[in-house]
Each structure stands twice: as structure tokens, then as C-alpha cells.
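The primary structure of each chain is shown beneath.
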Amino acid sequence: MVGKLIKTIYKYDDVELASGAKVTANEVTTQEGKVVSVPNGNVTVKVGEMLRSFSFSIYNYGINGEKTYNLNSVPEGVNGQAIVKEFIDFVEADIVA
């Protein structure tokens, strides 16, 4: 084979994480087993008795693999970055399985 696989794109619908948050992301780009990009993800969490939503994007910049998290409309009292990190861990475990 001459070609080399560089990246793969997955779609995740209503993934329920251990924290109880549900995540949908139409384009999760992975490279060498690591999430490198999610241009648009949506999270639904229960806050009190209400379901609340926020959106996020993730980009991998630099040689060291540092990720940049963009979080939009995260409800008060919710650690949005922790939920998105939990989703990244879920995806990376899922693609290895």
C-alpha cells in the first residue's frame, strides 16, 4: 500500500457519559488514537430539575498536542471542560476497542 491513513472522522449521537451528561458530535476527528478536533459538539446536562444544554469545540494546536476548548453557554455550576474531557476519554477508549 502506498497511501497512509492520516486521520479518521467519527459521529457520535447521544452518548451518555458516566457523569450523566449526553453528548452529540457530528465530526470527531482522530489521529493516531487521539482526538484532535471536534468542530461542533452539544452537551445536555441536568441542572437541578431542568435539562440544560451547551456547545463546545476542540482543536489540537502545537507540537505538544495541547488542546484548546471553546465552551459556549455553559450553565452556572457545571464544569463544562470536565464533561468535554470525559467525552474525549470516552471516544479514545471507544476507537481502541
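What this report covers is the structure whose coordinates are included nearby.

Quick look at the sheet that holds strand β5 (residues 66-72)
Move 1: Strand order in the open sheet made by the 5 strands is β1-β2-β3-β4-β5, with antiparallel pairing throughout. The open sheet is flanked by β1 (8-16) and β5, the only strands paired with a single partner. If you compare each strand with its neighbour and ignore which way they point, the axes differ by 20° on average.
Move 2: One ladder, built from 6 bridges, connects β1 with strand β2 (residues 22-31); its direction is antiparallel. Its bridge partner lying in β2, Val15 is registered against Val23.

Digging into the packing of aromatic side chains
Move 1: Applying the stated criterion across every chain, the model contains 4 aromatic pairs.
Move 2: Consider the rings of Tyr12 and Phe87, whose centres lie 5.8 Å apart with planes at 90°: the pair is edge-to-face. With Tyr12 in strand β1 and Phe87 in helix α1 (residues 80-96), this residue pair connects regions lying 75 residues apart in the sequence. Across the pair, exposure class does not vary: Tyr12 and Phe87 are buried alike.
Move 3: An angle of 75° between the planes, with centres 6.2 Å apart, marks the rings of Tyr12 and Phe90 as edge-to-face. Of this pair, Tyr12 sits in strand β1 while Phe90 sits in helix α1, and the two are 78 residues apart along the sequence.
Move 4: The exposure class of Tyr12 is buried, given its relative accessible area of 7%.

Observations concerning unusual backbone geometry
Move 1: Residue Glu32 is not a glycine yet carries a positive backbone phi of 55°.
Move 2: In this structure, Glu32 sits in the loop between β2 and β3 (34-47).
Move 3: For Glu32, a relative accessible area of 75% gives the class exposed.
Move 4: With a phi angle near 65°, Ser73 is a residue other than glycine that sits in the positive phi range.
Move 5: Using a relative accessible area of 60% as the deciding quantity, one classes Ser73 as exposed.

Cut-offs applied
- Throughout, a residue's number is its position along its own chain's written sequence, starting from 1.
- This being a predicted model, a pLDDT of at least 70 is required before a residue's local features are given, and a value of 80 or more before pairs of side-chain atoms are given or counted; all residues contribute to the totals for chains, interfaces and linings.
- Side-chain descriptors were evaluated using all non-hydrogen atoms of the structure, hydrogens and water having been removed beforehand.
- The pairing criterion is simple: DSSP has to find at least two bridges between the two strands.
- Numbering goes from the N terminus for both helices and strands, where a helix is a DSSP run of H or I of at least four residues and a strand is a run of E of at least two.
- The axes are straight lines fitted to the C-alpha atoms, using for helices just the contacting stretch, and the angles between their N-to-C directions are given from 0 to 180°.
- Pairs were defined over the aromatic rings of Phe, Tyr and Trp, the Trp ring being its six-membered one, requiring ring centres within 6.5 Å. Orientation was assigned from the angle between planes: stacked under 30 degrees, edge-to-face over 60, tilted for the rest.
- Three labels apply to residues, based on accessible area from a 1.4 Å probe with only protein chains included: buried if under 20% of the type maximum, exposed if over 50%, partly exposed otherwise in between.

Everything listed here is a matter of geometry and, on its own, says nothing about what the molecule does.
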